[in-house]
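Structure at a glance
Listed here are the chains, written in short residue letters.
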Amino acid sequence: MNIHWMDYLTVFGVTLLAALTVVCIYSFGVRLYAVSLDADTASTPRNRVALAKAGAFACFALSAVAVLFGIYLIVPALHG
């Protein structure tokens, strides 16, 4: 039995990059949502608040899609 170390390192690198990407996108969404809540009480234009909330929800949706795609890749029964 022979271990293919380059394949192992490739999987490790892609997994690390994907995890960091999902966490960064989600945390960016949390930050945008917090900014939109703080802007509700300040004298910020309404369109800026709406844009921040829309960006937050888009980040949440994108991270959810990335997680669901990862589950799709892991579970062989979903591949048809």
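Summary of the structure given here.

1. So, the overall build of the protein
- Looking only at helices and strands, one finds 2 helices and 0 strands in the protein.
- Taking 2.2 N^0.38 as the reference for a compact globule, 80 residues should give roughly 12 Å; the C-alpha atoms of the protein span a radius of gyration of 19 Å, well beyond that estimate.
- Seen along its three principal axes, the alpha-carbon backbone of the protein occupies a region of about 65 × 30 × 10 Å.
- Taking all 80 residues of the protein together, 10% fall into the buried category.
- In the protein, the proportion of contacts linking residues at least 24 apart, taken out of those at least 6 apart, comes to 53%.
- Per element, the accessible surface of the protein, about 6,500 Å² overall, is 74% carbon and sulfur.

2. Description of the environment of Ala-39
- Note on placement: Ala-39 falls in helix α1 (residues 5-41).
- For Ala-39 and Ala-50, which are 11 residues apart along the polypeptide, the C-alpha to C-alpha distance reads 9.9 Å.
- Not counting residues up to four positions away in its chain, the partners in contact with Ala-39 are Thr-44 and Val-49.

3. Section: the side chain of Ser-36
- Tracing the sequence through the fold places Ser-36 in helix α1.
- Overall, the relative accessible area of 0% leaves Ser-36 in the buried class.
- Setting aside chain neighbours within four positions, we find Ser-36 in contact with Val-49, Ala-52 and Lys-53.

4. Observations regarding the side chain of Ser-63
- Along the polypeptide, Ser-63 turns up in helix α2 (residues 46-74).
- Residue classification places Ser-63 among the buried residues on the basis of a relative accessible area of 6%.
- Polar contacts involving the side chain of Ser-63 include one to the main-chain carbonyl oxygen of Phe-60, which spans 2.9 Å.

5. Observations regarding the state of the cysteines
- Inspection of the entire model under this criterion finds 0 disulfides.
- Unpaired in terms of disulfides, Cys-24 finds its nearest cysteine sulfur in Cys-59, a separation of 11 Å.
- Taking the relative accessible area as the measure of exposure, Cys-24 reaches 49% and is therefore partly exposed.

The rules we used
- Residues numbered from 1 in each chain as written.
- Predicted model: local features only at pLDDT ≥ 70, side-chain atom pairs only at ≥ 80, totals over all residues.
- Heavy atoms only, no water.
- Helix = DSSP H or I, 4+ residues; strand = E, 2+ residues; numbered from the N terminus.
- Rg over C-alpha atoms; globule rule 2.2 N^0.38 Å.
- Buried < 20%, exposed > 50% of the residue type's maximum accessible area, 1.4 Å probe, protein only.
- Contact = heavy atoms within 4.5 Å.
- Areas by Shrake-Rupley, 256 points an atom, 1.4 Å probe, with all protein chains shown as cover.
- Polar contact = N/O pair within 3.5 Å; in protein donor to acceptor, adjacent residues only side chain to side chain.
- Disulfide = S-S within 2.5 Å.

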